[in-house]
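Residues per chain, in single letters:
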2 protein chains.
Amino acid sequence: MTDQTDRPSGAATPITISVDAMGSDLGPTAIVAGIAKSVQKNPSVRFLVFGRESEIRPLIDKRRLGARVEVRDAPDVVRMDDKPSHVMRNGKSTSMWAAVDAVKSGEAQAVVSCGNTGALMAVSMLRLRKLPGIDRPAIACLWPSRNPGGFNVMLDVGADVRADAKDLLQYARMGGSYARNGLGVSRPRVGLLNVGTEENKGRPEMKEAHDLITAAADEAKIDFVGFVEGGDIPSNRVDVIVTDGFTGNVALKTGEGTARLIRDLLRDAFRATPLSRIAALLAVTSLGRLSKRIDPRRVNGGVFLGLNGTVVKSHGSADATGVSAAIKLAFQLAESRFTERLAARVASGDTDGQDAATETARAAADEQAR
Amino acid sequence: MTDQTDRPSGAATPITISVDAMGSDLGPTAIVAGIAKSVQKNPSVRFLVFGRESEIRPLIDKRRLGARVEVRDAPDVVRMDDKPSHVMRNGKSTSMWAAVDAVKSGEAQAVVSCGNTGALMAVSMLRLRKLPGIDRPAIACLWPSRNPGGFNVMLDVGADVRADAKDLLQYARMGGSYARNGLGVSRPRVGLLNVGTEENKGRPEMKEAHDLITAAADEAKIDFVGFVEGGDIPSNRVDVIVTDGFTGNVALKTGEGTARLIRDLLRDAFRATPLSRIAALLAVTSLGRLSKRIDPRRVNGGVFLGLNGTVVKSHGSADATGVSAAIKLAFQLAESRFTERLAARVASGDTDGQDAATETARAAADEQAR
């Protein structure tokens, strides 16, 4: 499964994903259903599940997941409206905190939570610490695109509402490394999101970031394509889109909202007339493939970049399909030892072998694209 | 067609649209083709067309548009990479300048240009001047949504990359007035675009704008729904989405790019197998309706709000369908005397009768939604 020689664990060793079972809008039921889906599809995955044992245990037992899932009791829950600072001070007994700590201790190779994004970032920064050389961690998401691999990476999509030119440069480096290791793109094309592609457009910090990334591109082993626009996000012009967390979050949710609207309109169109209902039957396979391709649930999962440990944030409203997609992403990143590779790259600035595209990563990207 | 008593011109009086024929990426051919489409559909529209007469005259003659179109020679062209400040100093002999001046002089009731957005805004501000009480004009666009009317309004989508809390309040007022007069929504729901709907989220100026709009909502005759997210843009939660020009521009282009990607994937899906090709034939009417609904060309046209005159910016790459859509929007706004109504509202703060939804505006919105 892998041809890496510097990998002591080997692909056969099971990977353990730590899961915060309490953060979901839909409750632990959706989380456990997602775990069940993943258990069924992937024989190499194990789980440490944190939350109220009295609620979770019956769900695990009902689905007979006991052999692959260990439940650990955590009495408290981080709520969606808890302030991050409050959780940092008082969150020690929450399922989120315990789930992150399992990565810190090495018991798990990655953590998945559907909970409060701000709190998850705060707890992750506190417990896992930032990588040396990183000022602001970022959240990266995958975006369906016209790329050969079917996906682009965009960051930041919500870790921090502001980013200065230096932060944007770090995002370019981290995003480049993610595209190499997570998507198997050997020399990622990186674009800086702006309003227009001319160099004199946009906010002043954009011009400064443009200059910084241009200067660092060779050393970071990326192709900097300059400014890109919102319309380029799903295009084959770039592999990585760099932006601040405010703009990135709005763009991500706008894209998802648009896709959802079109899916609904499409469904309505096929119910409109008897002929169109027959058409829907005839085209069921092709439409199913399309529907899967543009289903936001299947690219669920924002990856926190810049920490000593892999953290995947799932949508709060993710159902079983969404949770399972986030788990798959966490598994793939753990398997490719992405965090270690990113750390090596950020620390040394230029460590070719540590950060090369591998067959594993390529296979993972192919798999994700399916 | 209208039951307004305060309208001296009457619906029978033709409306003249001034057109900058030189700004398009596709050249004057696309512009004249768009004019031809509009001439065919709308018997009440006349045109003043500005540009190089030697290029435009043959196109007009070939399509026999002479009776409805007057061509005026303008020797110079604003290029896409011209800086706005350069055009303001040296642009007097350009087609863009002359086209805007036709609105200033009252010869035309609205102007349409496909040219350089920054230059068009600069020339429009210089020649038409801002409405009293407006600090920053904004560009508003229509967005396909789940609303009963089928469209939301978003502003600013690119007039200015920054907006402070006071600007956002003005956008809320202007957007509310646009929704009332352009879409016929009697009490528009206005949302402020942010990353999350909780009050403690986002940038500091968002909280301040939230407070300002809350305080002004009643007087502005809007329902302020608070913060909305990118996913709400195409929703039925709001009629007007308020944001700064940087975020709005990225969101607009992201939405368009996503819609275009899905259209292409859908086309591919229907070509995938013989069965799906038959399905496409059976569903051709329903799919055509859907395709039209999500075609970015059909909502082409950003309206400049806050000026003494109606200016519609069309996409630089708009084809005949796109240009014709921008002309239709300009015509509808001219017919509903939108600028006069907005001016009255901004000036007085509370002028009920001047700003009420009319049958004309409602009909226009229905028409646009088709």
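Here is what the cut-offs are and how they apply
Residues numbered from 1 in each chain as written. Chains lettered and ligands numbered in written order. Predicted model: local features only at pLDDT ≥ 70, side-chain atom pairs only at ≥ 80, totals over all residues. Heavy atoms only, no water. Helix = DSSP H or I, 4+ residues; strand = E, 2+ residues; numbered from the N terminus. Buried < 20%, exposed > 50% of the residue type's maximum accessible area, 1.4 Å probe, protein only. Contact = heavy atoms within 4.5 Å. Expected span 1.5 Å × (residues − 1). Buried area = accessible area lost by both parts, 1.4 Å probe. Salt bridge = Lys/Arg side-chain N within 4 Å of Asp/Glu carboxyl O. Core = buried A, V, L, I, M, F, W, Y, C linked by side-chain atoms within 4.5 Å. Domains from an automatic or database assignment. Polar contact = N/O pair within 3.5 Å; in protein donor to acceptor, adjacent residues only side chain to side chain. Least-squares fit on C-alpha atoms with pLDDT ≥ 70 in both. Axes fitted to C-alpha atoms, helices over the stretch in contact; angles between N-to-C directions. Parallel < 35°, antiparallel > 145°, perpendicular 65-115°, else oblique. Left-handed = near helix turned anticlockwise from the far one by under 90°. Nonpolar A, V, L, I, M, F, W, Y, C, P; charged D, E, K, R; others polar. Pairing = 2+ DSSP bridges. pLDDT = per-residue confidence, 0-100.

(A) Looking closely at the overall build of chain A. On a plain count of helices and strands, chain A comes out with 13 helices and 11 strands. A total of 370 residues make up chain A; the buried ones form 59% of that total. Sequence-distant contacts in chain A: of pairs separated by 6 or more residues, those separated by 24 or more amount to 72%.

(B) A look at helix α6 (residues 165-183) of chain B. The first and last C-alpha atoms of α6 of chain B sit 26 Å apart over 19 residues, in line with the 27 Å expected at 1.5 Å per residue. When you tally the buried positions in α6 of chain B, you get 17 out of 19 residues, the bulk of the element.

(C) Just the interface of chain B and chain A, in detail. Of the residues lining the interface, 56 residues belong to chain B; the matching set on chain A comes to 56 residues. Between chain B and chain A lies a buried interface of about 4,800 Å² when both sides are counted; carbon and sulfur atoms form 69% of it. Summed over the three residues of chain B that lose the most area to chain A, namely Arg 203, Phe 246 and Leu 282 of chain B, the buried surface amounts to 14% of that side. Linking chain B with chain A are 8 salt bridges, by the criterion used here. One salt bridge connects Glu 205 of chain B with Arg 162 of chain A, and the closest N-O pair in it is separated by 3.2 Å.

(D) Main features of the nonpolar core. In terms of nonpolar packing, the biggest core is built from 103 residues, with Ile 17, Ile 35, Phe 47 and Tyr 178 of chain B touching the most fellow members. Broken down by element, this core gets its largest block of residues, 9 residues, from α6 of chain B. Looking at which domains feed residues into this core, each of domain 1 (1-134 + 306-335) and domain 2 (140-299) of chain B gives three or more. Once residues within four sequence positions are removed from consideration, Ile 35 of chain B is found in contact with Val 19, Phe 47, Val 49, Leu 65, Val 69 and Ile 327 of chain B. One finds Leu 65, Ala 165, Leu 168 and Met 206 of chain A within the second-largest nonpolar core, a separate group that totals 102 residues.

(E) Broad picture of helix α11 (residues 320-335) of chain B. Residues and elements named next belong to chain B. Between its first and last C-alpha, α11 extends 22 Å over 16 residues, near the 22 Å set by a 1.5 Å rise per residue. Burial within α11 is extensive, with 15 of its 16 residues counted as buried. Looking at where α11 begins, the residue whose side-chain oxygen comes 3.2 Å from the main-chain nitrogen of Thr 321 is Asp 319. Backbone geometry just after α11 places Arg 337 at a positive phi near 50°.

(F) Molecular detail of the relation of the copies chain B and chain A. Between chain B and chain A, the superposition needs a rotation of 180° and an axial shift of 0.0 Å, giving an RMSD of 0.0 Å. On the angle and the small slide along the axis, the relation comes out as a two-fold axis. When each C-alpha of chain B is compared by its distance to the rotation axis, Ala 279 of chain B comes out closest, at 2.0 Å. When the interface residues of chain B are mapped onto chain A, 100% of them again lie at the interface, so the same face is used by both copies.

(G) Representation of the environment of Met 154 of chain A within the structure. Residue and element names in this part refer to chain A. Tracing the chain through its elements places Met 154 in strand β6 (residues 151-155). The class of Met 154 is buried, set by a relative accessible area of 0%. Between the C-alpha atoms of Met 154 and Leu 193, which are 39 residues apart in sequence, the distance is 9.6 Å. Setting aside chain neighbours within four positions, we find Met 154 in contact with Ile 139, Ala 140, Cys 141, Trp 143, Ile 233, Ile 241, Thr 243, Gly 248, Ala 251 and Leu 252.

(H) Just the pattern of salt bridges, in detail. Per the counting criterion, the structure on display carries 43 salt bridges over all chains. For Asp 218 of chain A, the salt bridge goes to Arg 187 of chain A, with nearest N and O atoms at 3.1 Å. Here Arg 187 of chain A lies in the loop between α6 (165-183) and β7 (189-193) and Asp 218 of chain A lies in helix α7 (residues 204-220), a separation of 31 residues in the sequence. When its relative accessible area of 58% is taken as the criterion, Asp 218 of chain A is described as exposed. A salt bridge links Asp 232 of chain B to Arg 237 of chain B; its shortest N-O distance comes to 3.1 Å. Connected via shared salt-bridge partners are Glu 70, Arg 72 and Glu 107 of chain A.

(I) Structural detail: unusual backbone geometry. Here the bond from Leu 155 of chain A into Asp 156 of chain A is cis, since omega is 0°, no more than 30 degrees from zero. Structurally, the position occupied by Asp 156 of chain A is in the loop between β6 and α6. In the Ramachandran plot, Arg 129 of chain B falls in the positive-phi region, its phi being about 70° despite a non-glycine side chain.

(J) Geometry of the packing of helix α1 (residues 28-41) of chain A against helix α11 (residues 320-335) of chain A. All names here are of chain A. At a minimum axis separation of 7 Å, α1 and α11 run at an interaxial angle of 55°. Between α1 and α11, the interaxial angle falls into the category oblique. As α1 runs across α11, the sense of the crossing is right-handed. Contact residues: Ala 30, Ile 31, Ala 33, Gly 34, Ile 35, Lys 37, Ser 38 and Lys 41 in α1; Ala 320, Thr 321, Val 323, Ser 324 and Ile 327 in α11. The residue makeup of the contact of α1 with α11, split by class, is 7 nonpolar, 4 polar and 2 charged.

(K) Quick look at the sheet that holds strand β4 (residues 110-113) of chain A. All names here are of chain A. Pairing is mixed in the open sheet, where 11 strands are placed in the order β3-β2-β1-β4-β11-β10-β5-β6-β9-β7-β8. Edge strands, defined here as strands with exactly one partner in the open sheet, are β3 (69-73) and β8 (223-228). Put simply, the sheet's adjacent strands are angled 25° from each other on average, direction ignored. The sheet contact formed by strand β5 (residues 138-144) and β6 spans 5 bridges and is antiparallel. Along β6, the bridge assignment pairs Leu 142 with Val 153. Along the sheet face, α1 touches β1 (15-20), β2 (45-51) and β3 and points at about 170° away from the line of β2.

(L) Focus on the environment of Ser 145 of chain A. Structurally, Ser 145 of chain A is set in the loop between β5 and β6. A relative accessible area of 0% means that Ser 145 of chain A is categorised as buried. Sequence-wise, Ser 145 of chain A and Asp 232 of chain A are 87 residues apart; in three dimensions their C-alpha atoms are separated by 9.1 Å. For Ser 145 of chain A, the contacting residues outside a window of four places in its chain are Gly 150, Phe 151, Asn 152, Ile 233, Pro 234, Ser 235 and Arg 293 of chain A together with Leu 261 of chain B.

(M) Representation of the confidence of the model for chain A within the structure. Residue and element names in this part refer to chain A. Residues at a pLDDT of 70 or more form 88% of chain A, whose mean pLDDT is 85. Low pLDDT (under 50) marks residues 1-11, which in the prediction has 15 contacts with non-local residues, meaning those over four places away or in another chain. The model gives residues 350-370 a pLDDT under 50, and that stretch makes 48 contacts with residues more than four places away or in other chains.

(N) Molecular detail of the side chain of Ser 113 of chain B. Residues and elements named next belong to chain B. Within the secondary structure, Ser 113 is located in strand β4 (residues 110-113). Residue class for Ser 113 comes out buried when judged on its relative accessible area of 1%. A distance of 2.9 Å separates a polar atom in the side chain of Ser 113 from a polar atom in the side chain of Asp 20. Setting aside anything within four residues of it in sequence, one finds Ser 113 in contact with Asp 20, Met 96, Leu 120, Val 312, Lys 313 and Ser 314.

(O) Just the packing of helix α9 (residues 274-282) of chain A against helix α9 (residues 274-282) of chain B, in detail. Taken N-terminus to C-terminus, the directions of α9 of chain A and α9 of chain B make an angle of 165°; their axes are 8 Å apart at the nearest point. Our classification of the angle between α9 of chain A and α9 of chain B gives roughly antiparallel. Crossing handedness for the pair α9 of chain A and α9 of chain B: left-handed. Contacts between α9 of chain A and α9 of chain B involve Leu 275, Ser 276, Ile 278, Ala 279 and Leu 282 of chain A from the former and Leu 275, Ser 276, Ile 278, Ala 279 and Leu 282 of chain B from the latter. In terms of residue class, the contact of α9 of chain A with α9 of chain B is made up of 8 nonpolar, 2 polar and no charged.

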